[in-house]
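If you want the building blocks of each chain, they are given just below.
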Amino acid sequence: MISIIITVLGVVMILAAFLAIRTKNLLAAIISAGVISLLASVIYLMLAAPDVAMTEAAIGSGLTTIIFIFTLKKIRKGDLND
Amino acid sequence: MIKRIFILLAILGLILMFLPFLRDFEFHQELGELSSQYVEGSVNDLNSQNVVTAVIVTYRGLDTLGEVTVLFLATAGVGFLLRKKKTSLKSRGSSELLQTGSQFLFVLIILTGIYIFTHGHLTPGGGFQGGVLITTAFLLLILADTNLKFNHKILLFVESISGAFYVIIGLFGVLLIGMNSFLDPAILPLGNFGKLLSAGAIPLIYSLIGLKVGSELTTIIDKMGGE
Amino acid sequence: MELFGAIVTLAGSILLFLGALGILRMPDVYNRMQAGTKATTLGSILFLAGISIGHYECGCFGKMVIIILFVIFTNPISSNTLARAAHFAGIKLTSRSVKDDLADDDLEKKGEEK
Amino acid sequence: MADLIYNIAAIIALAGIVLSFVRLILGPTAADRAVALDGMTIIAISLIVFIAYYSNRVIYLDVAIVYGLISFVGIVAVARYLERGI
């Protein structure tokens, strides 16, 4: 059971990483990075590491995404077209 | 074309290098010498239910002090590099639901953060995670209203007081127990196993770390996100 | 009791799956949001409730209630903000939709300002 | 019997994550991707609770609490960026 979930989530994570580095749309790359953190925290929990899972959930999918978005806003100030 | 072939070759080489790890992989059924010592010591000597917390705060306490210092330096760097500028660009206000909901959820997130870092020795999580939760609460307020002003004196006060007390508690160990016991949590009574007031000074140290991390990251967020 | 909880969990997971299917198959952003928030909210509530019903001896009932409350509190806020953002970002409705209240509101406001 | 039904429920929820992820890859606009991320986080909370049940450890639920409280902030940030609010 655990191995099925880990395999499926791992494949989805690899696809998300591929999307994050290959896409031209920066916002899509940020969202894909958020997906990677999300699934990574589930996988850490399955490997019996709740501390790491909580850190990944709080920092990886919450704070890092938002700091990326703030940075995107700072470098795109005044440029109103995506 | 040549570039792509080289990239492909490099990836193949990496796969060949990592293949033995995949083939010979096996779960460790028994703990090693050092880790079994940590597990027994944290349960018997320190009364801490969460072994990770005991390792981070006690056995590797100096490393944690170093990490907090690194975070302080990062905050100082961000504060030095990112100056706030007045922009003429007008930003759209947020919806009423977000404004009301953020004020309501602010309290809930702060309470959860305090729960996380005071229960660091009982449940997963601890000072860093609790501090990030507190930061997220302030972040929600920034997202709801970009013109929000934080009181920097309070942030500075909390940050410096918690950092100073962290070192002072460590020095109490040297003073009360012995020369080699900087940051020893046994300066307070150890209490009963599994209760909130147990594991000596670990909850106190983790609360201080949580406050310090929370105020530092809030400063970073304020510098980056505020208009 | 355990079987009842398992069936509730199964119902919740089917709702989660249908919500995800709606995210995939619906024609435009607003319809996807409709499927992706309402169905998944009810689905996760049923999923969590089923597990806590089936394992009432584990003493995790309070934490389950807290998680369900957090899902109820946070989900509408994110979906509302997202729908508003999609509207202001200028994403068109699908050609089959019949009414756009927020656009009508905007027109009325502009008329008042003039 | 009950364990089997729980496992089937987890597999169905996992299929939901995969379907949402397909929308995240296809999504023509950033709002579509944010909606897909929103759906994935909610299903992931359910999966975390299932893992806590499966491993029989109540303390894993703390991760679900933190996740349920934190995950929506990222989506709100994406939305505020899209409507040029922040």
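If you're wondering where the values come from, they're calculated on a predicted model, not measured in any experiment. (Residues numbered from 1 in each chain as written. Chains lettered and ligands numbered in written order. Predicted model: local features only at pLDDT ≥ 70, side-chain atom pairs only at ≥ 80, totals over all residues. Heavy atoms only, no water.)

## Describing the overall build of chain C
Logical step 1: From N to C terminus, chain C includes four helices and zero strands.
Logical step 2: Secondary structure of chain C in N-to-C order comes out as α-α-α-α.
Logical step 3: Each of the 114 residues in chain C was classed as buried or not, and the buried ones make up 43%.
Logical step 4: At a minimum sequence separation of 6, the contacts of chain C that also span at least 24 residues come to 67%.
Logical step 5: When the accessible surface of chain C is totalled, it reaches about 6000 Å², and 64% of it is carbon and sulfur. (Helix = DSSP H or I, 4+ residues; strand = E, 2+ residues; numbered from the N terminus. Buried < 20%, exposed > 50% of the residue type's maximum accessible area, 1.4 Å probe, protein only. Contact = heavy atoms within 4.5 Å. Areas by Shrake-Rupley, 256 points an atom, 1.4 Å probe, with all protein chains shown as cover.)

## So, the overall build of chain D
Logical step 1: The helix and strand tally for chain D stands at three helices and zero strands.
Logical step 2: Secondary structure elements in chain D, listed N-terminal to C-terminal, are α-α-α.
Logical step 3: Taken over C-alpha atoms, the radius of gyration comes to 15 Å for chain D, far larger than the 12 Å a tight globule of 86 residues would show.
Logical step 4: With the C-alpha coordinates aligned to their principal axes, the bounding extent of chain D is approximately 50 × 25 × 10 Å.
Logical step 5: Counting every position in chain D, which comprises 86 residues, the buried fraction comes to 76%.
Logical step 6: Sequence separation of 24 or more characterises 44% of the internal contacts of chain D that already satisfy a separation of 6 or more.
Logical step 7: Here chain D displays about 2000 Å² of accessible surface, and carbon together with sulfur accounts for 66% of that area. (Rg over C-alpha atoms; globule rule 2.2 N^0.38 Å.)

## A short note on the arrangement of the chains
Logical step 1: Out of five pairs of chains that touch, the pair holding the most contacts is chains C and D.
Logical step 2: Across all C-alpha pairs, the smallest distance from chain A to chain C is 10 Å, and the two are not in contact.

## What to know about the confidence of the model for chain C
Logical step 1: When pLDDT is averaged along chain C, the result is 81; 89% of the residues meet or exceed 70.
Logical step 2: Of all secondary-structure elements in chain C, the lowest mean pLDDT belongs to helix α4 (residues 101-113) of chain C, at 63, while helix α1 (residues 2-25) of chain C reaches the highest, 88. (pLDDT = per-residue confidence, 0-100.)

## Remarks on the interface of chain B and chain A
Logical step 1: Contacts between chain B and chain A engage 19 residues on the former and 15 residues on the latter.
Logical step 2: Together chain B and chain A conceal approximately 1600 Å² of surface at their shared face, both sides included; 75% is due to carbon and sulfur atoms.
Logical step 3: Three residues, Gln129, Val132 and Met224 of chain B, lead the burial of chain B against chain A; their summed loss comes to 32% of the area buried on that side.
Logical step 4: Scanning the region where chain B abuts chain A turns up zero salt bridges.
Logical step 5: Elements represented by at least two residues in the side of chain B that touches chain A include exactly α6 (127-144) and α8 (202-225) of chain B. (Buried area = accessible area lost by both parts, 1.4 Å probe. Salt bridge = Lys/Arg side-chain N within 4 Å of Asp/Glu carboxyl O.)

## Description of a positive patch on the surface
Logical step 1: Taken together, Arg22 and Lys24 of chain A together with Lys3 and Arg4 of chain B make up a surface patch of like positive charges.
Logical step 2: In this structure Arg4 of chain B comes out as exposed when scored by relative accessible area, which is 61%. (Patch = residues over 30% accessible without salt bridge, like charges linked within 9 Å, V, L, I, M, F, W, Y side chains within 5 Å. Lys, Arg positive; Asp, Glu negative; His and termini not counted. Charge placed at Lys NZ, Arg CZ, Asp CG, Glu CD.)

## Points about empty space enclosed by the protein
Logical step 1: For the coordinates displayed, the defined rule picks out three cavities of 30 Å³ or more.
Logical step 2: Taken as a whole, the largest cavity holds about 120 Å³ of empty space.
Logical step 3: Every residue lining the largest cavity is listed: Ile51, His55, Cys58, Cys60 and Met64 of chain C together with Val49, Ala52, Tyr53, Asn56, Arg57, Val58 and Leu61 of chain D.
Logical step 4: Looking at which element gives the most residues to the lining of the largest cavity, the answer is helix α2 (residues 30-55) of chain D, with three residues.
Logical step 5: For the lining of the largest cavity, a count of residues per class yields nine nonpolar, two polar and one charged. (1 Å grid on protein atoms, 1.4 Å probe; cavity = no way out; pocket = protein on both sides within 12 Å on 5 of 7 lines; lining within 4 Å. Points joined across faces, edges and corners; volume = space filled by probe spheres on them. Nonpolar A, V, L, I, M, F, W, Y, C, P; charged D, E, K, R; others polar.)

## Brief notes about the interface of chain D and chain C
Logical step 1: Across the contact, 45 residues belong to chain D and 48 residues belong to chain C.
Logical step 2: If you sort the residues of chain D by the area they bury against chain C, Tyr6, Leu19 and Val35 of chain D come out on top, with a joint share of 15%.
Logical step 3: For the pair chain D and chain C, the number of links is three salt bridges.
Logical step 4: Where Lys63 of chain C meets Asp62 of chain D, a salt bridge forms, and the shortest distance between an N and an O atom there is 2.8 Å.
Logical step 5: The interface formed by chain D and chain C contains six residue pairs in polar contact (both at pLDDT 80 or more).
Logical step 6: Among the secondary structure elements, those contributing two or more residues to the side of chain D that touches chain C are α1 (2-26), α2 and α3 (61-82) of chain D.
Logical step 7: Counting residues per element, the side of chain D that touches chain C draws most heavily on α1 of chain D, at 15 residues.
Logical step 8: Residue composition of the side of chain D that touches chain C, grouped by class: 32 nonpolar, six polar and seven charged. (Polar contact = N/O pair within 3.5 Å; in protein donor to acceptor, adjacent residues only side chain to side chain.)

## Examining the packing of helix α5 (residues 96-118) of chain B against α3 of chain D
Logical step 1: Closest axis-to-axis distance for the α5 of chain B/α3 of chain D pair is 11 Å, and the angle between their directions is 145 degrees. In terms of crossing hand, the pair formed by α5 of chain B and α3 of chain D is left-handed. Of the residues in α3 of chain D, those in contact with Leu98, Leu105, Leu108, Ile109, Thr112, Tyr115 and Ile116 of chain B of α5 of chain B are Asp62, Ile65, Val66, Leu69, Phe72, Val76 and Arg80 of chain D.
Logical step 2: Classifying every residue of the contact of α5 of chain B with α3 of chain D gives eleven nonpolar, one polar and two charged. (Axes fitted to C-alpha atoms, helices over the stretch in contact; angles between N-to-C directions. Left-handed = near helix turned anticlockwise from the far one by under 90°.)

## Things to note about the environment of Phe72 of chain B
All names here are of chain B.
Logical step 1: Summarising the element assignment, Phe72 is placed in helix α4 (residues 61-81).
Logical step 2: Among the residues examined, Phe72 registers a relative accessible area of 38% and is labelled partly exposed.
Logical step 3: Counting along the chain gives 39 residues from Phe72 to Glu33, while the straight-line C-alpha distance between them is 35 Å.
Logical step 4: Phe72 has contacts with Glu159 and Glu216, leaving out every residue within four places of it along the chain.

## Section: a nonpolar patch on the surface
All names here are of chain B.
Logical step 1: On the surface, Met1, Ile2, Ile5, Phe6, Ile7, Leu9, Ile11, Leu12, Ile15, Leu16, Leu19 and Leu22 cluster together into a nonpolar patch covering about 1300 Å² of accessible area.
Logical step 2: You can see Ile15 is positioned in helix α1 (residues 2-23).
Logical step 3: Residue classification places Ile15 among the partly exposed residues on the basis of a relative accessible area of 47%.

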